[in-house]
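Tertiary structure, described
Letter by letter, the chains look like this.
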Amino acid sequence: MQGSAAFFRVYTFLAAIGATLLGCALLRGVVPADTQRAVPEQTEQSTQTAESLNLNQPIDVEKIEVDYLYRSDLITIIYPLYGSILDDFTIVTITNTNPSPVRIKVLSEVQGYTDQSMDTVTVGGNEPLEVRQNPRLISAKIENLNVQQPAQFHLRVAALQQGEEKIILEETGETLIFARRDFPWGIPGMSEAETFELLAAMVTPNDPKVEELLRAAADYTESGAMWGGYSGVEDDEDWEVWERLEAIWRAADEIYDLTYVSTLVTYAPGDIQRIRLPRETLEQQAGNCIDLSLLFAAAAEAIRLEVAIIGISGHAFIGVRTDQLNDRYYFIETTLIGQTSFSRAVEVGAETWREVAEYVENGEPNYNWLTIATAREKGILPLPWP
């Protein structure tokens, strides 16, 4: 699992020692950040009674130590990847130095931007337990978030006994909420290629808006239909891949009146790219090279074609595999939409690929190849649509 931003570490009932982890103090008794959330005995304990677990024994909260990490920022556009591809938003480590087990309730939220995440766990006597949480974003709060905003992360940890809560820790800390369309090219703990691969989440083939584009494109095929997959012939000799891609291009041009708008793309670490998702590109009838690449990649994936996004210094375009037998692609310069034919867009795309192929294949900085199917296999799934 990769990191997505610097962590804040806050603690109580412990003194910091002089080591550091991710720029923060590493405290005594902390379970490493990549440890799985669970204690081996927890599943078995859940079927036992409170009496058999000695949960009714007196609790000394001074003997319960809490250490936690939370992210210094929240990247809203890829928020569903927290806890899978990206590290969890908050990691709470509870160490119970009482001789008996104790029930603990952990609540966390980013105030005003997320729902409250809650876990109730049993921590064995003289044992630690790690709790990982990712409070869900409130869609209505994020939809119109067009600039970064400071926010307050709130954490509450309480011991439960005989229906009563004993507060162990309740604290707040600062975090930063990214605007809903902002994507940072530099993510701590991730390489340039790994960060570029996250774009696959923004390729949304099942979005109803993309499906509407495909329905419109069907009118431009000879059969009046839009079908999926490959026919099994080599190098698209029956032109079925070309026919569908050209139909999508013509529908995007003639029905949606899409056009290219130039905005700076640098891929430089620390830079933030404002990205339109495919539905937004269709609704706004415009996009830059990344926006248009995401849209056409989504349409190609939706009809079960293998598609790649190629990122080069200051630019992006796509490649669609011609068959499942060879490594041959139609490279498409998507920024030519609204200006020229599909055939010409493929010619320009092929010319660009010939110029940059060596740099991409050698993994040079600012040159990246992203195969969407490979990203899906790694768990980078499409973002849900609103």
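Scroll up a little and you will see the structure.
Position numbers for residues count from 1 along each chain, tracking the sequence in the order it is written. Local features in a predicted model are, by the rule used here, given only for residues with pLDDT of at least 70; side-chain atom pairs are given and counted only at 80 or more, and totals for whole chains, interfaces and linings are based on all residues. Heavy atoms throughout the structure, all of them, feed into the side-chain values; hydrogens and water do not.

Considerations on the packing of helix H4 (residues 208–218) against helix H7 (residues 289–302)
Heads up, the rule is: Here, axes are lines fitted to C-alpha atoms. For helices the fit covers the stretch in contact, and angles between N-to-C directions go from 0 to 180 degrees. Runs of E in the DSSP output that reach at least two residues are strands. Runs of H or I that reach at least four are helices, and both are numbered from the N terminus. Put simply, angles under 35 degrees are roughly parallel, angles over 145 are roughly antiparallel, angles from 65 to 115 are roughly perpendicular, and the rest are oblique. Throughout, a residue-residue contact means that at least one pair of heavy atoms, one from each residue, lies within 4.5 Å.
Where H4 contacts H7, the axes come no closer than 10 Å and their chain directions differ by 75 degrees. With respect to H7, the element H4 is oriented roughly perpendicular. Touching Val210, Leu213 and Leu214 of H4 are Leu295, Ala298, Ala299 and Ala302, all from H7.

Description of the packing of H4 against helix H5 (residues 240–255)
Keep this limit in mind: Each residue gets one label: Ala, Val, Leu, Ile, Met, Phe, Trp, Tyr, Cys and Pro are nonpolar, Asp, Glu, Lys and Arg are charged, and the others, such as Gly, are polar.
It is the contact of H4 with H5, at a shortest axis distance of 8 Å, that shows an interaxial angle of 100 degrees. By the angle between their axes, H4 is roughly perpendicular relative to H5. Taking contact as the criterion, the partners of Leu213, Leu214, Ala216 and Ala217 in H4 are, on H5, Ala247, Ile248, Ala251, Ala252 and Ile255. Residue composition of the contact of H4 with H5, grouped by class: 9 nonpolar, no polar and no charged.

Re the nonpolar core
Which entries qualify depends on this criterion: For the purposes of this section, nonpolar cores are sets of buried Ala, Val, Leu, Ile, Met, Phe, Trp, Tyr and Cys residues that join through side-chain atoms within 4.5 Å. Summary of the burial criterion: residues with accessible area below 20% of their type's maximum are buried, those above 50% are exposed, and those between are partly exposed, where the area comes from a 1.4 Å probe applied to protein chains only.
Among the nonpolar cores identified, the biggest contains 98 residues, and Ile104, Leu198 and Met202 are the most heavily contacted of them. For this core, the leading source of residues is H7, giving 10 residues. Ignoring sequence-local partners within four residues, the contact set of Met202 consists of Ile77, Ile78, Phe183, Ile275, Leu277, Pro278, Leu294 and Leu383. If you look at the next biggest cluster of nonpolar residues, it comprises 9 residues, including Phe331, Val356, Ala357 and Val360.

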